[in-house]
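# Chain and residue survey
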Amino acid sequence: MEINNKLLLDKYFNEALEKTKELISIPSVLAEPIGNMPFGKGVNDALDYIINLANELGFETYRDETNKYGFLEYGEGKELYVILCHLDVVPAGDMSEWVTNPFEPIEKDGKLIGRGSIDDKGPTMMNLYALKYLKDNGWKSENYKIRMIFGLSEETTWECMEKYVADHGIASAGYVPDGLFPCVYAEKWINNMDVIANVPCDFEIKGGEAYNMICDKVTYKGPRINEIKNELDAMKDIHTSIDNELLIVKGKPGHASTPHVGVNAVSHLAFVMDKLGFKHPLIQFIAKEAHLNFNMSNIFKNIADETGDLTQNIGIIDIKDNKGMFTFNFRIPVLSEPKEKFFPIIEQAFNKYGLEHAKQRIEDAVYFPKDGEVVKNIMQVYQEITGDLISQPQAMGGGTYAKTMPNLIAFGAVMSLEDSPMHDYNEYATIEELKKMIKIYAKAITKLAK
């Protein structure tokens, strides 16, 4: 089917852009369950919105009776082709760092700014309206029913997709518009871990909101506050202030898969406290083993392969009343037998400092051979649509819903995670990026769902 790009952009893109703004305006951050809203009201409101919109656009929809996921369907093929998106977003963080309320999106300098604009509400809406264009213009797959699934806990527990797979099983094929173009042939496996030390201390530290975000803001209350501040003030990209005997330390946020792109406030505070002689084992471990050492090379000597190096991110810290913990988010390469190597090594390191740990969540890796059918097919489609014969399949530390089913691959929606504003303040998608997405996905659906 030939795509009329002028019609696609003039009629469908403009509406998609406005609907993206409406979806961003819903603060769909994980919250405490309320009644039959397992992920909180904001996430449930986002599901309400997308299901109602899909119905208005003429699609058949399904909503899980426990409100953990929903989907729309189009076509009558015997096989199932899925487009797997998510509606939840990471917390906004320090509101003063945004040029707008993160849930009141604006267009500025050719960018749509708001939480979820690129991760994953913008790509979700571009796929929805790409499919709407195809529906309105009479395209149907002969072989596949198209199902667009809306997950609700991608940034946290993935409980939504566990429930979906238990209810409906796996699809024959599909993609996840929550990674990189041209496609992601490998995703590292991910381990969230709490590191614990309940020991006496005379200070309090608190900061961070999520495992998969760089902790950019932390507060300290306790002795030697001015000494700590003076040491931190001498460090690059760290900003401090004191408010009512509370030291506030600010770095730079970012996605946990690229910890070197941000500035971790916890790490810098721990380094200074260790330098000044504080003996708390959590502080000492961070300072000696993790500060500006994202591969933790003192502990892990050779966990690396073609999919990248092992990396770590500290996302949350909470030390108070002789109880203490911080969180690690590890991204571990695919091909180096990491599970056999990883856990005994890290456990030995924790024992050295007298630390305990709890494994909170493990996501398995994704790997498609570059010369295999799945990658070759999607690369051919991408090259045909874009004319880009240079870009190659990518490996990444970011984890997507491609991990939930075999034969799902991350396809778009950004070119580089290091340059992406995912999980950052003033998250944005450029208007040109969004236009490119809707054109790519409209054509790709017709090519891939064969």
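Counting of residues starts from 1 at the beginning of each chain's written sequence and follows it residue by residue. The predicted nature of this model means local features are confined to residues of pLDDT at least 70 and side-chain atom pairs, given and counted, to a pLDDT of 80 or more, with totals for whole chains, interfaces and linings taken over all residues. Calculated side-chain values reflect all of the structure's heavy atoms, with hydrogen atoms and water omitted.

## Points about helix 5 (residues 225–233)
Keep this limit in mind: The rule is simple: take the accessible area with a 1.4 Å probe, protein chains only, and divide by the maximum for that residue type; under 20% is buried, over 50% is exposed, in between is partly exposed. For the purposes of this entry, the term helix denotes a DSSP run of H or I that reaches at least four residues, the term strand denotes a run of E that reaches at least two, and both are numbered from the N terminus. It is the directions from the helix axis to the C-beta atoms whose arc is reported. Residue contacts are defined here by distance: any two heavy atoms, one from each residue, within 4.5 Å place the two residues in contact.
Ile225, Ile228, Lys229 and Leu232 are the residues of helix 5 that are buried. When helix 5 is viewed along its axis, its buried side chains cluster within an angular range of 100° and face the same direction. The inward-facing, buried residues of helix 5 abut strand 12 (217–221), strand 13 (239–243), strand 14 (246–250) and helix 6 (265–275).

## Some details on the pattern of salt bridges
Applied cut-off: Think of a salt bridge as a Lys or Arg side-chain nitrogen and an Asp or Glu carboxyl oxygen that are within 4 Å of each other.
In this structure the tally under the stated criterion is 27 salt bridges. Residues aspartate 136 and lysine 132 are paired through a salt bridge, measuring 3.0 Å at the closest nitrogen-oxygen approach. One end of the pair is aspartate 136 and the other is lysine 132, both in helix 3 (residues 121–136) and four residues apart, which spans about a single turn. Taking relative accessible area as the criterion, aspartate 136 reaches 35% and is therefore assigned partly exposed. With a shortest N-O distance of 3.4 Å, lysine 206 and aspartate 318 are connected by a salt bridge.

## Overview of helix 6
Operational definition: Polar contacts, as used here, are pairs of N or O atoms within 3.5 Å; protein pairs need one atom able to donate a hydrogen and one able to accept it. Residues neighboring in sequence count only if both atoms are side-chain atoms.
For helix 6, the tally of buried residues reaches nine of eleven residues, placing the bulk of the element in the interior. Each element contacted by the buried residues of helix 6 is listed here: strand 11 (204–207), strand 12, helix 5, strand 14, helix 7 (281–290) and strand 17 (311–320). Here helix 6 starts with a cap whose side-chain oxygen sits 3.0 Å from the backbone nitrogen of valine 266, and that cap is asparagine 264. Trailing helix 6 by a residue or two, glycine 277 shows a phi angle of about 100°, which is positive.

## Section: the packing of aromatic side chains
Aromatic rings in a pair are described by how distant their centres are and how their planes are angled relative to each other. So the rule is basically this: Two rings from Phe, Tyr or Trp (for Trp, the six-membered ring) form a pair when their centres are within 6.5 Å of each other. A pair whose planes differ by under 30 degrees is stacked, one over 60 is edge-to-face, and the rest are tilted. Two conditions define a charge sitting above a ring: the NZ of Lys or the CZ of Arg must be within 6 Å of the ring centre, and it must be within 35 degrees of the ring normal.
Taken as a whole and judged by the stated rule, the model has 30 aromatic pairs. Measuring from ring centre to ring centre gives 5.5 Å for tyrosine 175 and tyrosine 441, while their planes differ by 10°; the resulting arrangement is stacked. Taken together, the positions of tyrosine 175 in strand 7 (residues 173–176) and tyrosine 441 in helix 10 (residues 431–448) put the pair 266 residues apart, joining distant regions of the chain. The class of tyrosine 175 is buried, set by a relative accessible area of 0%. Each residue in the set Trp189, Phe285, Phe300, Phe326, Phe328, Phe330, Phe342, Phe343, Phe350 and Tyr353 is aromatic and connected to the rest through ring pairs, giving one cluster. It is lysine 111 that lies over the ring of tyrosine 428; its NZ or CZ is 4.2 Å from the centre.

Function cannot be read off these values alone, since they describe shape.
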